[in-house]
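# Overview (structure and organization)
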Amino acid sequence: MRAAVMRANDAPLTIEDVKIDSPGPGEVLLETAASGICHSDLTVIEGGLPFPPPCILGHEPSGIVEEVGAGVTDFAPGDHVIGCINRWCGVCRFCTEGRPYLCETAYLGRPEDQGPRLTAADGSPIAQFANLSSFAEKMLCPERSLVKIRDDMPLDRAALIGCGVTTGLGAALHTVNIRAGSSVVIIGLGGVGLSALQGARIVGAGQIIAVDTQEWKFETAKLMGATHCVDASDGDPVAAVHELTGGGADFVFECIGLVPTVEQAVAMTGRGGTSVLVGVVPITQTVAISAADLTLQEKKITGSLMGSNRFRFDMPKYVEFYLDGRLKLDEMISARVKLDDVNDALDKMKKGEVARQVIVYD
Ligand code: PAD
Ligand code: ZN
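We now turn to the structure provided with this report. Computed from a predicted model, the values in this text were never measured in an experiment.

### So, the site of ligand 1
Around ligand 1 sit 29 residues, and of these His39, Asp212, Lys217, Ile256 and Arg356 come closest. A distance of 2.9 Å is found between a nitrogen atom of ligand 1 and a backbone nitrogen or oxygen belonging to Ser304. Taken by itself ligand 1 offers 880 Å² of open surface, and the protein chains cover 90% of this. Put simply, the parts of the chain that give the shell around ligand 1 at least two residues each are helix H1 (39-45), helix H3 (155-175) and helix H4 (191-202). Its residues assigned to classes, the shell around ligand 1 shows 14 nonpolar, 12 polar and 3 charged. Mapping the shell around ligand 1 onto the domain boundaries places at least three of its residues in each of domain 1 (2-162 + 308-360) and domain 2 (177-303).

Structure (structure tokens):
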């Protein structure tokens, strides 16, 4: 099969012929239908999230089951599925207390005696990213990385639910408890931010203030429920939010992963409010915040991992949200591209020229 391989950090991915193994116990072989391109893929390429090359990125996929391994009972050939990076074990402390997205064994790969799932033409192993690697025509995944969805859900839009939508929507629906009428700020209107924005609208937030440096994104943001838009490239976005909310918002979602915008998020949060850090700041960087500001105004800061998901339950529900019109995905797709165009697509994402791009496979 053809795949885009990361051979080195900060270099273009190379399109190569890669061998994919047949499914072992508990594994499912899929034909990849579509894969969204998420900023986290770019963060890995740039070295901000450590994952050693050679590897195949891509972690926002939909697919069709081709073959199942021994003991697989939840899937059969022909099933339509979405893949998620949050494989769960079901028995660790976090799984049993109902937070499987924190599962401690999520990224344990294959037992060594089974050999690698992916190998290069010369037989050397290629690492699989988060049990998925969807920048490839096929995927070999643990069954607990997958969820079956309705056959009438279009697979290019289903792919978006695999990461960005679940992350943003879930941050608003699950990580925090937004009461109807609360004021909400979304900083960063990529796939993740536009999904958090829709989550705020779905739970009945009052003011929904969208912040970005790319003015063209505001039309989409308004379509998805933004009541106000702030152009961060024109003036101080913190002052603008304080003005609009009368002193700071109840909830601020940082959906970019930059140090300055994390600091802005905390500064935009009002008395008793909550800053939700969704964007992934490169692990080598730290953020300066005033502790007294938190104490004296009882502000809270929380991280949000993959929308605090229980994806086998959440993703089919998000499919229903799309099919009943509550979740807008068509408007989120800036372009459908081919696997060969992946480097160009990553470049466009880097420049902030797109909302979400999806690789569609034939
Ligand atoms: P994206 O690159 O599509 O969107 C980022 C947006 O931020 C773009 O619209 C930019 O124009 C905008 N932007 C850039 N700089 C500024 C600025 N200074 N002020 C305002 N707006 C700005 O990214 P994405 O939506 O794919 O991902 C967003 C983040 O979420 C990224 O850090 C990614 O790694 C992270 C993520 N987190 C999780 C999780 O579990 N927490 C999961 C998936 C992705
Ligand atoms: Zn992602």
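Next, the rest of the story.
### Some words on the packing of H3 against H4
Orientation of H3 relative to H4, taken along the N-to-C sense of each, is 35 degrees, at an axis distance of 7 Å. Read as a crossing pair, H3 and H4 show a hand that is right-handed. Between H3 and H4, the residues in contact are Gly164, Val165, Thr167, Gly168, Leu169, Ala172 and Leu173 and Gly191, Val192, Ser195, Ala196, Gln198, Gly199, Ala200 and Ile202, respectively. Per-class residue counts for the contact of H3 with H4 are 8 nonpolar, 7 polar and no charged.

### Some remarks on a nonpolar patch on the surface
A cluster of nonpolar side chains, namely Val287, Ile289 and Ile301, defines an oily patch on the protein surface of about 200 Å² accessible area. Looking at where Ile289 falls in the secondary structure, it is placed in the loop between strand E16 (269-277) and helix H8 (291-297). Ile289 sits in the partly exposed class, given a relative accessible area of 40%.

### Quick look at the packing of H3 against helix H9 (residues 311-323)
Packing of H3 against H9 brings their axes to within 10 Å, and their N-to-C directions diverge by 100 degrees. On the basis of their axis angle, the class for H3 and H9 is roughly perpendicular. Here H3 contributes Arg157, Ile161, Gly162, Thr166, Leu169, Gly170, Leu173 and His174 to the contact with H9, which in turn contributes Asp314, Met315, Lys317, Tyr318, Val319, Phe321 and Tyr322.

### What about the coordination of the zinc ion (ligand 2)?
Every protein donor of the zinc ion (ligand 2) is listed here as Cys38 (SG), His59 (NE2) and Cys163 (SG), and their distances to the metal cover 2.0 to 2.3 Å. In primary sequence terms, the donor set of the zinc ion (ligand 2) follows C-x20-H-x103-C. Pair noted here: His59 is in the loop between strand E5 (55-56) and strand E6 (61-68) and Cys163 is in helix H3, with a separation of 104 residues, a long-range link.

The rules behind the values
Residues numbered from 1 in each chain as written. Chains lettered and ligands numbered in written order. Predicted model: local features only at pLDDT ≥ 70, side-chain atom pairs only at ≥ 80, totals over all residues. Heavy atoms only, no water. Near = heavy atom within 4 Å. Polar contact = N/O pair within 3.5 Å; in protein donor to acceptor, adjacent residues only side chain to side chain. Areas by Shrake-Rupley, 256 points an atom, 1.4 Å probe, with all protein chains shown as cover. Helix = DSSP H or I, 4+ residues; strand = E, 2+ residues; numbered from the N terminus. Nonpolar A, V, L, I, M, F, W, Y, C, P; charged D, E, K, R; others polar. Domains from an automatic or database assignment. Axes fitted to C-alpha atoms, helices over the stretch in contact; angles between N-to-C directions. Left-handed = near helix turned anticlockwise from the far one by under 90°. Contact = heavy atoms within 4.5 Å. Patch = residues over 30% accessible without salt bridge, like charges linked within 9 Å, V, L, I, M, F, W, Y side chains within 5 Å. Salt bridge = Lys/Arg side-chain N within 4 Å of Asp/Glu carboxyl O. Buried < 20%, exposed > 50% of the residue type's maximum accessible area, 1.4 Å probe, protein only. Parallel < 35°, antiparallel > 145°, perpendicular 65-115°, else oblique. Donors = N, O, S within 2.8 Å, 3.2 Å for Na, K, Ca; no water.

The analysis is restricted to geometry; functional conclusions fall outside its scope.
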